[in-house]
Amino acid sequence: MTEEIIHIVLRETNRKGREVTAAWNLANPTKKKEWKPVTVKEFDAFVAILLYAGLTGSNHEPDNFFTTLNLARILLRRKTAYGGTVRYNKTFIPQEFKKNPKRTINSTLFGFNEGDISLCSYVPKKNKVVTVLSTMHYTCLVDEQSEKRKPYAILDYNANKCGVDTIDQMLGTYSCKRATQRWPLAMFYNMLDVAALAAFTIYNEMKPIKRSDRRRSFLLLLTKQLATPNIEESALNNHITSYPRIRNAMEAFDVRVLPRPMEGNLASFAASSSRPSCRLCRSEYGRQRKTRAYCFRCGNAVCGEHSTLLHRGNT
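The rules behind each value
- Residues numbered from 1 in each chain as written.
- Predicted model: local features only at pLDDT ≥ 70, side-chain atom pairs only at ≥ 80, totals over all residues.
- Heavy atoms only, no water.
- Helix = DSSP H or I, 4+ residues; strand = E, 2+ residues; numbered from the N terminus.
- Expected span 1.5 Å × (residues − 1).
- Bend = angle between axes of the 7 residues up to and from the residue.
- Buried < 20%, exposed > 50% of the residue type's maximum accessible area, 1.4 Å probe, protein only.
- Salt bridge = Lys/Arg side-chain N within 4 Å of Asp/Glu carboxyl O.
- Pairing = 2+ DSSP bridges.
- Axes fitted to C-alpha atoms, helices over the stretch in contact; angles between N-to-C directions.
- Contact = heavy atoms within 4.5 Å.

> What should I look at first to understand helix α7 (residues 214-234) in this one?
Residue pairs spaced three or four apart in an α-helix point in one direction, given the helix's 3.6 residues per turn. The end-to-end C-alpha distance of α7 is 30 Å, a good match for the 30 Å that 21 residues give at a rise of 1.5 Å each. Residue Thr228 marks the point of greatest curvature in α7, where the axis turns by about 40°; the proline Pro229 follows within four residues. Along α7, the positions that sit buried rather than exposed are Arg215, Ser217, Phe218, Leu219, Leu222, Thr223, Ala227, Thr228, Asn230 and Ile231.

> I tried to follow the pattern of salt bridges on my own but got confused; where do I start?
Pairs can form between side chains of opposite charge once their charged atoms are near each other. According to the stated counting rule, one finds four salt bridges in the structure shown. Salt-bridge contacts for Glu19 lead to Arg15; the nearest nitrogen and oxygen are separated by 2.8 Å. Here Arg15 and Glu19 lie together in helix α1 (residues 3-27), a separation of four residues that amounts to about one turn. For Glu19, a relative accessible area of 40% puts it in the partly exposed group.

> Looking at this structure, I do not really get the sheet that holds strand β4 (residues 128-134). What am I missing?
Backbone hydrogen bonds are what pair the strands of a sheet, in a parallel or an antiparallel way. Judged by pairing direction, the sheet is antiparallel, and its four strands sit side by side in the order β1-β4-β3-β2 without closing on themselves. Of all the strands in the sheet, just β1 (83-85) and β2 (108-113) have a single pairing partner and so form its edges. Within this sheet the neighbouring strands show an average axis-to-axis angle of 20°, counted without direction. In this structure, β1 lies alongside β4, joined through three bridges in antiparallel fashion. Note on β4: the bridge partner recorded for Gly84 is Leu133. Along the sheet, helix α3 (residues 69-77) makes contact with β2, β3 (117-125) and β4, crossing β3 at roughly 135°.

> Help me out: how do you make sense of the pairing of β2 in this one?
Remember that side chains alternate between the two faces of the sheet whenever the strand is regular. Sheet analysis places β2 next to β3, joined by six bridges and oriented antiparallel. Residue pairing in the sheet places Thr108 in a bridge with Tyr122 of β3. Between β2 and the antiparallel strand that follows it, β3, lie three residues; Glu114 among them carries a positive phi value of about 55°.

Written as structure tokens, this is what we have:
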């Protein structure tokens, strides 16, 4: 996750936001909106939220998620061999290579494409198929000495997949991935997971952590460092900090928030603005009832019907 990638994400997000806002303003000239560009601080805070959400449980995506025919071709053009399992729902898999209860156990079907890419479909047990896409094996060789008669493409994959499986296992433990129909978002989730794991690996090598939950503690520290700058900026906003839950969340990050308006300074607090409407009357009954009283806990405007006078100062 380099600075260039972050700037590309922000640039495209703001571009799309401006397009959507312009379309809305064109369709609703009396209710115009303004797009506020997303900043780097807000992006860091968003990433922190995703990483923290991964600490509370997620769905695990296996390593065959990105195995496609186009990927094999691209790597082949860069003189890089590739071999990996393929998901059964990929459109380039022939129907004969998919699950079929009539296929013989320990049998293999081979397919070849353009003289450099092979596809083998192996049946380890009834009504189950393992499909492997490979640019390293362009033969129909199988292990004749074994009773299972596995093809060499699967044998080589099993011998070298330990690193991928280890990463998958670690990413599956703490992952920010969520169900989505948009492949760019799925790619973005995977980039965040891999970047966080790489950061933890480097951090653990340079500063070993002697704790059983060292990765979890590192992710908590990482999310806090990413979110703190945006929280500190939001803590200067009186409207945001007027909600007790938001104040408590900010204080949990050790961020200093503006002091609440208390009884002694209610007069100056009310005089600082025009007469607002009671928040409860507006939200519950849809009526506008002007008031100069404020709740000393949350700072919201309240009328006499929805408030209790605790102390009347000398006037």
